[in-house]
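Observations on chain architecture
Take a look at the letters that make up each chain.
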Amino acid sequence: SAVISQKPSRDICQRGTSLTIQCQVDSQVTMMFWYRQQPGQSLTLIATANQGSEATYESGFVIDKFPISRPNLTFSTLTVSNMSPEDSSIYLCSFAGGGTSGYNEQFFGPGTRLTVL
Amino acid sequence: GIQVEQSPPDLILQEGANSTLRCNFSDSVNNLQWFHQNPWGQLINLFYIPSGTKQNGRLSATTVATERYSLLYISSSQTTDSGVYFCAVERSDSWGKLQFGAGTQVVVTP
């Protein structure tokens, strides 16, 4: 399967600032997604990153807070805007469409561990 | 939305023991995957198994789609098996959107 990477791997930020997380896949993939994992919790889907159009957000997540870009089939960014301590989480990107088991098998990046002070 | 329930929430095993983790889901699915999250937070793909049975070394999984459950078997557990095991499903009408269960925290002691 394709290899997926994220930058930065971790960061400590001050409240009120913004952080942009980058996600890179080493081959073209159909679908890319962004998830959040709050401390001690499971993963929750934030949005589907659509190539060439606006992202599709899940209930409880809005574009002003989590703007997403996907300029091509291998790259996406997630920005966490106007951060507060409640945004401290691991943010993970994933892709589907590059697996050998099934067309919709998802693979996850290593995650970005964000701490907001 | 679809409900995904995992049991047990926590499991403590002695090295060498066998165990079974369960995942129940409330609707028909296109996809079911099992993941292992290691202590560094990395999600490792274990199985893509919307139906049927698969084996990979000491791990195996079975999904009975008609009865809406999946089982993950760990045999001869090792300390490296410690971590959180997640079941995630993709609802039939929501292509690509994975709904995760709460996970099973597994600790394997020497």
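None of these values were measured; they are calculated from a predicted model. (Residues numbered from 1 in each chain as written. Chains lettered and ligands numbered in written order. Predicted model: local features only at pLDDT ≥ 70, side-chain atom pairs only at ≥ 80, totals over all residues. Heavy atoms only, no water.)

1. Examining the overall build of chain A
To keep things clear, this is the line we draw: Under the DSSP-based scheme used, a helix requires at least four consecutive residues in state H or I and a strand at least two consecutive residues in state E, with every element numbered from the N terminus. Radius of gyration: C-alpha atoms only; globule rule: 2.2 Å multiplied by the number of residues to the exponent 0.38. Working definition: with a 1.4 Å probe on protein chains only, accessible area under 20% of the residue-type maximum means buried, over 50% means exposed, and in between means partly exposed. Any two residues whose heavy atoms approach within 4.5 Å at even a single point are treated as in contact. All accessible areas in this document rest on Shrake-Rupley with a 1.4 Å probe, and a residue is counted as covered only by the protein chains that are shown. Counted as positive: Lys and Arg. Counted as negative: Asp and Glu. His and the chain ends are not counted at all. To locate a charge, take atom NZ for lysine, CZ for arginine, CG for aspartate or CD for glutamate.
For chain A, the helix and strand inventory stands at 0 helices and 11 strands. Secondary structure elements of chain A, listed N to C terminal, follow the sequence β-β-β-β-β-β-β-β-β-β-β. Compactness check: chain A gives a C-alpha radius of gyration of 14 Å against a globular reference of 13 Å for 117 residues, within 12% of the reference. Out of the 117 residues in chain A, the part that is buried amounts to 51%. Restricting the contact set of chain A to residue pairs at least 6 apart, pairs at least 24 apart contribute 54%. Of the roughly 5,300 Å² of accessible surface on chain A, a fraction of 48% belongs to carbon and sulfur atoms. Taking the 7 positively charged and 8 negatively charged side chains of chain A as two groups, their mean positions are separated by 8 Å.

2. Overview of the sheet that holds strand E8 (residues 69-74) of chain B
Residues and elements named next belong to chain B. Quick note on the threshold: When DSSP finds two or more bridges between two strands, those strands count as paired. In this description, a line fitted to the C-alpha atoms serves as the axis of each element, helices being fitted only across the stretch in contact, and the angle between N-to-C directions of two axes falls anywhere from 0 to 180 degrees.
Ordered by their spatial adjacency, 5 strands build an open sheet running E1-E3-E8-E7-E6, and the pairing between neighbours is antiparallel. A single partner strand is all that each edge strand has here, and the edge strands are strand E1 (4-7) and strand E6 (52-56). Put simply, the sheet's adjacent strands are angled 15 degrees from each other on average, direction ignored.

3. Focus: the confidence of the model for chain A
Close reading of the predicted structure is inappropriate where its pLDDT is low. Threshold: Within a predicted model, pLDDT stands for the predictor's per-residue confidence, ranging from 0 to 100.
When pLDDT is averaged across chain A, the result is 93; 97% of the residues are at 70 or more. Per-residue pLDDT, averaged within each element of chain A, yields its smallest value for strand E10 (residues 106-108) of chain A (93) and its largest for strand E2 (residues 10-13) of chain A (98).

4. Thoughts on the nonpolar core
All names here are of chain A. This is how it is decided: Residues belong to a common nonpolar core when they are buried Ala, Val, Leu, Ile, Met, Phe, Trp, Tyr or Cys residues joined through side-chain atoms within 4.5 Å.
In terms of nonpolar packing, the biggest core is built from 27 residues, with Trp-34 and Leu-78 touching the most fellow members. Of all the elements in the fold, those that place two or more residues in this core are strand E3 (19-25), strand E4 (31-37), strand E5 (43-49), strand E8 (75-80), strand E9 (89-96) and strand E11 (112-116). In terms of residue count, the dominant contributor to this core is E3 (4 residues). Dropping the residues within four chain positions of it, Leu-78 is found in contact with Leu-19, Thr-20, Ile-21, Trp-34, Ile-46, Phe-66, Pro-67, Ile-68 and Tyr-91.

5. A word on the packing of aromatic side chains
Within a pair of aromatic rings, the relevant descriptors are the distance that separates the centres and the angle that separates the planes. The line we're drawing: In this scheme Phe, Tyr and Trp rings, the latter by its six-membered ring, pair at centre separations within 6.5 Å, and the angle between planes marks the pair as stacked below 30 degrees, edge-to-face above 60, and tilted otherwise. Ring-over charges, as used throughout, are those where CZ of Arg or NZ of Lys falls within 6 Å of the ring centre and within 35 degrees of the ring normal.
A complete count under the given rule lists 9 aromatic pairs over all chains for this structure. Centre to centre, the rings of Phe-66 of chain A and Tyr-91 of chain A are 6.5 Å apart; their planes meet at 45 degrees, and the pair counts as tilted. Taken together, the residues Phe-66 of chain A in the loop between strand E6 (56-57) and strand E7 (68-72) and Tyr-91 of chain A in strand E9 connect sequence positions 25 residues apart. Tyr-91 of chain A sits in the buried class, given a relative accessible area of 0%. With centroids separated by 5.4 Å and ring planes inclined at 20 degrees, the aromatic side chains of Phe-95 of chain A and Phe-107 of chain A adopt a geometry described as stacked. On the criterion of sequence distance, the pair formed by Phe-95 of chain A in strand E9 and Phe-107 of chain A in strand E10 is long-range, its members being 12 residues apart. The pair Phe-95 of chain A / Phe-107 of chain A is uniform in exposure class, with both members buried. Counting every residue linked through ring pairs, the aromatic cluster contains Tyr-35 and Phe-108 of chain A together with Phe-35, Phe-86 and Phe-100 of chain B. The residue whose ring lies beneath Arg-22 of chain B is Tyr-69 of chain B, and the NZ or CZ to ring-centre distance is 4.3 Å.

6. Considerations on the layout of surface pockets
The condition that has to hold: Cavities and pockets are defined on a 1 Å grid built over the protein atoms alone: a cavity is a set of grid points where a 1.4 Å probe fits but cannot escape, while a pocket is an open set with protein on both sides within 12 Å along at least five of seven lines, and lining residues are those with an atom within 4 Å of any such point. Grid points are joined across faces, edges and corners, and a volume is the space filled by probe spheres set on the points. Three classes are used, and their members are as follows: Ala, Val, Leu, Ile, Met, Phe, Trp, Tyr, Cys and Pro are nonpolar, Asp, Glu, Lys and Arg are charged, and the others, Gly among them, are polar.
By volume, the largest pocket amounts to about 380 Å³. In terms of lining residues, the largest pocket is bounded by 24 residues, among which Gln-37, Gly-40 and Gln-41 of chain A together with Gln-37 and Val-84 of chain B are the most central. Looking at the lining of the largest pocket, the elements that each hand over two or more residues are E9 and E11 of chain A together with strand E9 (83-91) and strand E11 (104-109) of chain B. Partitioning the lining of the largest pocket into residue classes produces 8 nonpolar, 15 polar and 1 charged. The volume enclosed by the second largest pocket comes to roughly 280 Å³. Along its surface, the second largest pocket is lined by 15 residues, and Leu-45 and Glu-58 of chain A together with Lys-97, Leu-98 and Gln-99 of chain B are the ones closest to its centre. Every element with two or more residues in the lining of the second largest pocket is listed here: E5 of chain A together with strand E10 (98-100) of chain B. Its residues assigned to classes, the lining of the second largest pocket shows 6 nonpolar, 6 polar and 3 charged.

7. Focus: the side chain of Ser-76 of chain A
Residues and elements named next belong to chain A. Summarising the element assignment, Ser-76 is placed in strand E8. Note on Ser-76: relative accessible area 0%, which makes it buried. Ignoring sequence-local partners within four residues, the contact set of Ser-76 consists of Ile-21, Gln-22, Cys-23, Met-32, Trp-34, Ala-49, Ile-68, Ser-69 and Arg-70.

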